[in-house]
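Listed here are the chains, written in short residue letters.
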Amino acid sequence: MELLRNIHQTDKVVKLQVLLISLGLLGYELISFVPAKLGLDSRVFTVPYRAFYLGVTLLCLFTLKERRRIEFNNATKVLFLFWGLYIMRLFHDTIFAADEVYRPLADYWLFAIALCFLPMIAFLFPVNSKTLHAALLYSYIFAVLVNVLGYNNNLGTTSDVDVDTRKAGNEFLNAISYGQAGANLVVLAICVFFRYKQKSKYAFLLLLPIPFGLINIGLSGSRGPFIQLMIAFLVFFFLYLKSGKGKFIVIFLMLGFIALYFSLQDSAFFDILFRRLSSTSNTNNTSDKLRYEMMHTAWNQFQDNPIFGDLIEVRKYHFYPHNLILEAMMACGLLGGICMLILYVSSLKNSFRLMLDFDINWIAMICIMQVVGGLTTGSLFGSQKLWFTMALLNNYYVHTRKRQSRLLQYRRNEFIINAQ
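Report on the accompanying structure. Since this is a predicted model, take the numbers as computed values, not measurements.

Right, let's talk about the overall build of the protein chain for a bit. Looking only at helices and strands, one finds 16 helices and 0 strands in the protein chain. For the protein chain, buried positions account for 50% of its 420 residues. Expressed as a percentage of contacts within the protein chain between residues at least 6 apart in sequence, the contacts between residues at least 24 apart total 78%. Carbon and sulfur atoms form 63% of the exposed surface of the protein chain, whose accessible area is close to 20300 Å².

Moving on, we come to the layout of surface pockets. Over the atoms a probe the size of a water molecule is rolled, and this reveals where empty space is left. In this model, the largest pocket occupies a volume close to 1400 Å³. Taken together, the elements giving at least two residues each to the lining of the largest pocket come down to helix H2 (15–31), helix H4 (43–63), helix H6 (105–123), helix H8 (175–196), helix H15 (361–373) and helix H16 (384–419). Looking at the lining of the largest pocket residue by residue, the class counts come to 17 nonpolar, 16 polar and 7 charged.

Moving on, we get to the packing of helix H7 (residues 129–155) against helix H9 (residues 210–220). Running from N to C, H7 and H9 point in directions that differ by 50°, and their axes come no closer than 9 Å. By the angle class used here, H7 and H9 are oblique. When the axes of H7 and H9 are compared, the crossing they make is left-handed. In contact with Asn147, Val148, Gly150, Tyr151, Asn154 and Leu155 of H7, H9 contributes Phe212, Gly213, Ile215, Asn216 and Leu219.

Let us look at the side chain of Asp93. Relative to the helices and strands, Asp93 is located in helix H5 (residues 74–96). Given the relative accessible area of 0%, Asp93 is considered buried. If we skip the residues at most four places from it in the chain, Asp93 touches Ala98, Val101, Leu105, Asp310, Leu311 and Ile312.

With that out of the way, let us pick up the packing of H8 against helix H10 (residues 223–242). The interhelical angle for the contact between H8 and H10, taken along N-to-C directions, is 25°, at an axis separation of 9 Å. Between H8 and H10, the angle falls in the class roughly parallel. Crossing angle aside, the handedness with which H8 passes H10 is right-handed. Contacts between H8 and H10 pair Ile176, Gly179, Gln180, Ala183, Val186, Val187 and Ile190 from the former with Pro225, Gln228, Leu229 and Phe233 from the latter. In the contact of H8 with H10, the residues fall into 8 nonpolar, 3 polar and no charged.

As a further point, take unusual backbone geometry. Positioned with a positive phi, His318 is a non-glycine residue whose angle comes to about 55°. Among the secondary structure elements, His318 is positioned in the loop between helix H13 (286–304) and helix H14 (324–354). According to the relative accessible area criterion, His318 is partly exposed, its value standing at 36%. The phi angle at His322 is positive, at roughly 65°, despite the residue not being glycine. Along the chain, His322 turns up in the loop between H13 and H14. Note on His322: relative accessible area 7%, which makes it buried.

Turning our attention to the pattern of salt bridges. Tallying each qualifying case throughout the model produces 6 salt bridges. Arg103 is paired through a salt bridge with Asp107; the nearest N and O atoms lie 3.9 Å apart. Among the residues examined, Asp107 registers a relative accessible area of 25% and is labelled partly exposed. Asp310 serves as the salt-bridge partner of Arg315, at 2.7 Å between the closest nitrogen and oxygen.

Attention now goes to the environment of Ala175. Topologically, Ala175 is positioned in helix H8. Overall, the relative accessible area of 13% leaves Ala175 in the buried class. Between the alpha carbons of Ala175 and Gly221 there is a distance of 7.3 Å; along the sequence they are 46 residues apart. Residue contacts for Ala175: discarding those within four places in its chain leaves Arg166, Lys167, Ala168, Ser220 and Ser222.

So, on to empty space enclosed by the protein. Applying the stated rule across the entire model yields 3 cavities of 30 Å³ or more. Volume-wise, the largest cavity comes out at about 70 Å³. Lining the largest cavity, in full, are Ala75, Thr76, Leu79, Leu124, Leu343, Ser346, Ser347, Asn350, Met390, Ala391 and Asn394. Only H5, H14 and H16 provide two or more residues apiece to the lining of the largest cavity. Looking at the lining of the largest cavity, the element that brings in the most residues is H14, giving 4 residues.

Definitions and limits used
Residues numbered from 1 in each chain as written. Predicted model: local features only at pLDDT ≥ 70, side-chain atom pairs only at ≥ 80, totals over all residues. Heavy atoms only, no water. Helix = DSSP H or I, 4+ residues; strand = E, 2+ residues; numbered from the N terminus. Buried < 20%, exposed > 50% of the residue type's maximum accessible area, 1.4 Å probe, protein only. Contact = heavy atoms within 4.5 Å. Areas by Shrake-Rupley, 256 points an atom, 1.4 Å probe, with all protein chains shown as cover. 1 Å grid on protein atoms, 1.4 Å probe; cavity = no way out; pocket = protein on both sides within 12 Å on 5 of 7 lines; lining within 4 Å. Points joined across faces, edges and corners; volume = space filled by probe spheres on them. Nonpolar A, V, L, I, M, F, W, Y, C, P; charged D, E, K, R; others polar. Axes fitted to C-alpha atoms, helices over the stretch in contact; angles between N-to-C directions. Parallel < 35°, antiparallel > 145°, perpendicular 65-115°, else oblique. Left-handed = near helix turned anticlockwise from the far one by under 90°. Salt bridge = Lys/Arg side-chain N within 4 Å of Asp/Glu carboxyl O.

Encoded structure:
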């Protein structure tokens, strides 16, 4: 009976993990609005915020009892192998190729180690249902605030919409991040609605901020966040359809029709997005041509040094190639590229497996968006959400299977004892 009680025990909310998850997903986006509102220099807030988040990470790493229960399955080993290769590349380029790297190397070390790698390890700690529930609520609140503030920055002081200009959330939240914040709000609003719909008849009120997210995606003119959101929901829709949950499909269809009607009625908000979608791969689209050139150059650098990789940057453009798998091959060689590909596949598999789990499906959807987005934008050292969601999904899936295995073993033992 003691084993059964341990398996079914009700865990408490781990506040440090709630902070780690919610701030890791939307903390910087929220804090980025503070300097302009107060008329202060950005570093007065952003630098202390990053130091605070690193402090939360270190507290998790050194104080949480969960740190002793990391499961080193194959995906976790590949994750650490890749980061070992990337850190070796950073050491090499810092010592032998510092004059060839355009971006300050201190930035690479800060973002890669302090803001990606160390927090990612903390995301590998086991996390219970109550902690995930609290993190979902805080993330939802953060997303609402970010999107309302972004909307207010762009439309709150004017009645006209400049449909020919892409909008940013603020001085520090570029158009892509602004659009991703809108997509995250849509995902979080729907997931928190499903989490509460059986507990409260007023759960539908949680869906009310969705128009802010949709408008912000339109104003940003970012194709990536829009496509990522569509793909995540297609997966969501397909898995619920496959599971035979008809009532959920009806709800999704209703939400889809409402969103479609809303976008058509307020098409001015979406004009630039629709125009950019229609111009994708057009020969006159300079943005797509530049990204293609960067990816092509990164591929050439990999071919020149396929074993050990070449450099952490695209030499010709002094930038990242906007494709994480190619960047892994360029920086870490063939083994790094294989590791990244394995991580992509395992993360998608875990997302599909956990999409019907209301505790973690919001992380699964954000992970799908990050994985898809990593094929056309982002960098290895700057994709915090990708590393965080990859790690969290992997550890949750592993510990869920372990818990189910223990419960099954207990029931088998109990059956044998009763049979005797």
